[in-house]
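Reading the structure
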Amino acid sequence: MKKIIVFSGAGISAESGLGTFRDKGGLWDQYDINEVATPEAWEKNPELVLDFYNQRREIAIKAEPNAAHKSLVDLEEHFDVHIVTQNIDDLHERAGSTQILHLHGEILKAECTVNKSEVVELSDPKMKMGDLSTGGHQLRPHVVWFGEAVPMMLEAERIVSEADIFVVVGTSLNVYPAANLLYACKKTCQKYIVDLNELSNVKYKNLKLYKGKATEQVPNLVKELIEKNE
Ligand code: APR
């Protein structure tokens, strides 16, 4: 079975009502990254950081997977599909995808501030100071902040290096090291990008652009891939 890797970003969840980061009016227009998404922010004002993720968590829980998430599940009858996502929502899981790697963490989980390998599912979606790990240390969102290592990066590169088909959906490819995955494919890998816009930072050689909304263009691409594979 051919291996398809889907590398997704905030744009795939935009039509589910979850804000992107760098579009006009996006999260980084509304919040200062340095106040809510860095280790220094956590040291300075952990309540503000917890509040930022509590708000995003509330929206993520209410959101539903859209046609783009769902059409990726259809691929699984025909291909060995791995989702490598920068998103911290669980919309790929709730759509039914079965092999998912979260590069930047998961908003429904928390991690121990001392022993980062201790990761717990959140029972209460509202995190607060005083929520402690089994070791008695404060819990923090299980999210990779700017300036932090991306623990799943090597595994993501290994998966992408085996891809026969690589599909990028809804990411501006602005954040590293995640964006390097575009260059982790083998020479023979067919590459596709689904995005509202033509990305200025991408050379579209041997890369087919499906320009438009993810809920329209991902199902189109999925249909084409399945027909070509028959
Ligand atoms: N359909 C398709 N593409 C869309 C849609 C849509 N409905 N809406 C937006 N897009 C595209 C935008 O054109 C843009 O290229 O999705 C991309 C969103 O880019 P960003 O907002 O930069 O989000 P992302 O690339 O996921 O950010 C990467 O940055 O802040 C960090 O950790 C955070 O994981 C995030 C990382």
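The following paragraphs examine the structure supplied in this document.

1. Quick word on the site of the ligand
Every one of the 24 residues lining the ligand counts as a neighbour, but F21, R22, T171, S172 and D195 are closest to it. Measuring from an oxygen atom of the ligand, one finds a side-chain N or O atom of H104 at 2.9 Å. Here an oxygen atom of the ligand sits 2.6 Å away from a polar atom, N or O, in the side chain of D195. If the ligand stood free it would expose 740 Å²; the protein chains cover 95% of that surface. Its residues assigned to classes, the shell around the ligand comprises nine nonpolar, 10 polar and five charged.

2. Digging into the sheet that holds strand β6 (residues 139–143)
Taken in spatial order, the three strands make up an open sheet running β5-β4-β6, and their pairing is antiparallel. Two strands lie at the open edges of the sheet, namely β5 (119–121) and β6, each paired on one side alone. Neighbour-to-neighbour, the strand axes of the sheet open up by a mean angle of 45°, direction not taken into account. Pairing analysis gives three bridges linking strand β4 (residues 105–112) to β5, with the strands arranged antiparallel. Bridge assignment links K109 to a residue of β5, and that residue is E121. Taken strand by strand, helix α4 (residues 46–62) contacts β4 and β6, and its axis lies near 140° from that of β4.

3. Regarding the environment of Y53
Within the secondary structure layout, Y53 lies in helix α4. For Y53, a relative accessible area of 2% puts it in the buried group. Sequence separation of Y53 and K205 is 152 residues, and the distance between their C-alpha atoms is 38 Å. For Y53, the residues in contact, after removing those within four places along its chain, are V36, A37, I88, I107, P141, V143 and W145.

4. Details of the packing of aromatic side chains
Scanning the entire structure with this criterion turns up eight aromatic pairs. Judged by centre distance (5.3 Å) and plane angle (35°), the rings of F21 and W28 are tilted. Judged by relative accessible area, which is 16%, W28 ranks as buried. An angle of 70° between the planes, with centres 6.0 Å apart, marks the rings of W28 and F146 as edge-to-face. Of this pair, W28 sits in helix α1 (residues 27–30) while F146 sits in the loop between β6 and α7 (153–161); the two residues are 118 residues apart in sequence, bridging distant segments of the chain. Overall, F146 belongs to the partly exposed group, its relative accessible area being 32%. Here the aromatic cluster, defined as three or more aromatic residues joined through ring pairs, consists of F21, W28, Y31, F52, Y53 and F146. Across the ring face of W145, the terminal group of R140 is positioned such that the distance to the ring centre comes to 3.7 Å.

Analysis parameters
Residues numbered from 1 in each chain as written. Predicted model: local features only at pLDDT ≥ 70, side-chain atom pairs only at ≥ 80, totals over all residues. Heavy atoms only, no water. Near = heavy atom within 4 Å. Polar contact = N/O pair within 3.5 Å; in protein donor to acceptor, adjacent residues only side chain to side chain. Areas by Shrake-Rupley, 256 points an atom, 1.4 Å probe, with all protein chains shown as cover. Nonpolar A, V, L, I, M, F, W, Y, C, P; charged D, E, K, R; others polar. Pairing = 2+ DSSP bridges. Helix = DSSP H or I, 4+ residues; strand = E, 2+ residues; numbered from the N terminus. Axes fitted to C-alpha atoms, helices over the stretch in contact; angles between N-to-C directions. Contact = heavy atoms within 4.5 Å. Buried < 20%, exposed > 50% of the residue type's maximum accessible area, 1.4 Å probe, protein only. Phe/Tyr/Trp six-rings, centres within 6.5 Å; stacked < 30°, edge-to-face > 60°. Lys NZ or Arg CZ within 6 Å of the ring centre and 35° of its normal.

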